[in-house]
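Summary of the model geometry
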Amino acid sequence: MTNGRSGRIAVFGAGAWGTALANLAARGGREPRAETVVTLFARDCDHVAEMQATGVNARRLPGVPLLSNVRPTSDLAEAAADADVILAVVPAQALRGLLESLEPFVAGSKAPIVVCAKGIEHGTGHFLSEVVSEVLPDHPPAVLSGPSFAQDVARGLPTAVALAAADAELAAILAGRLAGPGFRVYSSTDMRGVELGGAAKNVLAVANGVAAGRDLGASAGAALVARGFAELIRFGRAFGAEPATLMGLSGLGDLVLTCTSALSRNFSLGVALGRGQTIAEASARIGLAEGLYTCGVLVDLANAAGVDMPIAKAVDAVLAERITIDEAIAELLARPSKAEGV
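What counts, and at which threshold
Residues numbered from 1 in each chain as written. Predicted model: local features only at pLDDT ≥ 70, side-chain atom pairs only at ≥ 80, totals over all residues. Heavy atoms only, no water. UniProt positions renumbered as here; feature names shortened; annotations may be inferred. 1 Å grid on protein atoms, 1.4 Å probe; cavity = no way out; pocket = protein on both sides within 12 Å on 5 of 7 lines; lining within 4 Å. Buried < 20%, exposed > 50% of the residue type's maximum accessible area, 1.4 Å probe, protein only. Contact = heavy atoms within 4.5 Å. Pairing = 2+ DSSP bridges. Helix = DSSP H or I, 4+ residues; strand = E, 2+ residues; numbered from the N terminus. Axes fitted to C-alpha atoms, helices over the stretch in contact; angles between N-to-C directions. Salt bridge = Lys/Arg side-chain N within 4 Å of Asp/Glu carboxyl O. Points joined across faces, edges and corners; volume = space filled by probe spheres on them. Nonpolar A, V, L, I, M, F, W, Y, C, P; charged D, E, K, R; others polar. Domains from an automatic or database assignment.

**Overview of the UniProt feature "binding site: NAD(+)" (unreviewed entry) in the protein**
Under the local residue numbering, the UniProt record ascribes the feature "binding site: NAD(+)" (unreviewed entry) to Gly13, Ala14, Gly15, Ala16, Trp17, Gly18, Ala150 and Arg265. Checked against the lining of the largest pocket, the annotated residues reduce to Gly13, Ala14, Gly15, Ala16, Trp17, Gly18, Ala150 and Arg265. The class of Ala16 is partly exposed, set by a relative accessible area of 24%. Setting aside chain neighbours within four positions, we find Ala16 in contact with Arg60, Leu61 and Ala150. Overall, the relative accessible area of 18% leaves Trp17 in the buried class. In this structure, Trp17 is in contact with Val89, Cys116, Leu144, Ser148, Ala150, Val153 and Phe183, ignoring residues within four places of it in sequence.

**Remarks on the sheet that holds strand β7 (residues 159–165)**
Taking strand neighbours across the sheet as the criterion, the eight strands line up as β3-β2-β1-β4-β5-β6-β7-β8 in an open arrangement whose pairing is mixed. In the strand order of this sheet, the two ends are held by β3 (70–73) and β8 (183–188), each with one partner. Between one strand and the next, the sheet's axes are offset by a mean angle of 25°, whatever the strand orientation. Along the sheet, helix α8 (residues 191–213) contacts β6 (141–145), β7 and β8; its crossing angle with β6, the most-contacted strand, is approximately 45°. Most of the contacts of helix α11 (residues 249–260) go to β7, to which it runs at about 145°, and overall it touches β6, β7 and β8.

**Observations concerning the pattern of salt bridges**
Within the structure shown, the criterion is met by 13 salt bridges. Because the salt bridges share partners, they merge into one network encompassing Asp44, Glu50 and Arg59.

**Quick notes on the layout of surface pockets**
Space inside the largest pocket adds up to approximately 1,100 Å³. Ala16, Trp17, Ala150, Arg265 and Leu288 are, among the 32 residues lining the largest pocket, the residues nearest its centre. Among the elements of the structure, α1 (16–26), α6 (150–154), α8, α11 and α12 (265–274) are those that each provide at least two residues to the lining of the largest pocket. Along the lines of polarity and charge, the residues of the lining of the largest pocket split into 15 nonpolar, ten polar and seven charged. Each of domain 1 (7–189) and domain 2 (198–334) accounts for three or more of the residues forming the lining of the largest pocket. Here the second largest pocket defines a volume of roughly 760 Å³. Lining the second largest pocket are 28 residues, and of these Leu224, Arg227, Ile311, Leu332 and Leu333 sit closest to its centre. Partitioned by chemical class, the residues of the lining of the second largest pocket number 21 nonpolar, one polar and six charged.

Given below as structure tokens:
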């Protein structure tokens with residue numbers, strides 16, 4: 001890829017986050033020169049027609065105009081044509097399908113693929129950067145993660161995230177392509193740490209939501225964040241993440257945001273469950289909460305690696321309806337006392 005500003009960026013996924021990122025990319029990064037063309041792909045032709053006609057993604061990010069150089073499309077070939085950077089902004093479990101559908105249209109381009117989802121693939125237990133390498137091995141994977149809500153980014157509110165790629169120069173170039181006055185992007189070469197933090201924090205946020213829904217108090221919530229972070233550190237150590245990464249934006253930063261804000265779907269799912277709603281009832285109102293789908297595979301990986309994650313395991317047991325919330329709380333509180341440490 002080139003680090004010039006005359007290239008094309010393709011954003012696949014026209015949800016709130018994909019739309020906010022498309023606008024960021026359209027501004028041309030830290031040092032804009034020529035206009036950057038950004039294609040924004042959505043499968044729904046009617047949705048695309050609405051965006052083309054109104055200049056707004058009213059379904060997903062109302063009130064935020066698309067920049068003039070953001071071009072919505074439902075045509076995969078058009079979206080991918082001549083793109084030198086690809087942002088994959090689809091749910092974690094949909095990533096493989098998207099990449100497989102893209103394969104005929106990106107052959108030979110070697111454009112880096114920036115994964116902007118947070119999760120672990122079901123069935124394979126693979127991290128999302130691994131999915132990219134399996135499906136499109138000629139395209140270097142990168143991962144964007146950190147404490148960021150689409151509405152905040154779209155409004156230009158100060159936000160900081162991490163972007164990781166195996167090659168330090170590539171990570172820095174990609175960070176520069178997305179950074180803006182209110183959007184600070186730190187580059188990293190620790191892809192595993194960046195994507196692991198984003199996946200695990202969603203599961204831990206469900207636990208904090210349950211505690212809030214049960215009115216267990218601020219003290220319980222703080223304890224869950226702290227002990228949940230200890231679980232994240234243990235899991236990260238087992239899978240090769242750098243401790244400094246987990247202490248940073250994509251680890252601790254994202255964990256705190258997701259575990260404390262009603263804007264977090266994972267936290268909101270937990271609140272709803274804590275108040276007695278079923279998973280189906282909560283999901284119908286909240287929408288997709290990645291923690292629901294990541295939980296089982298996260299726990300399976302932890303068990304296989306011998307990593308102790310009692311909070312994540314309790315969430316998994318509740319979501320799988322093996323135990324009740326009250327039983328999960330009782331089991332966590334009954335764990336033997338030990339010296340504090342990760």
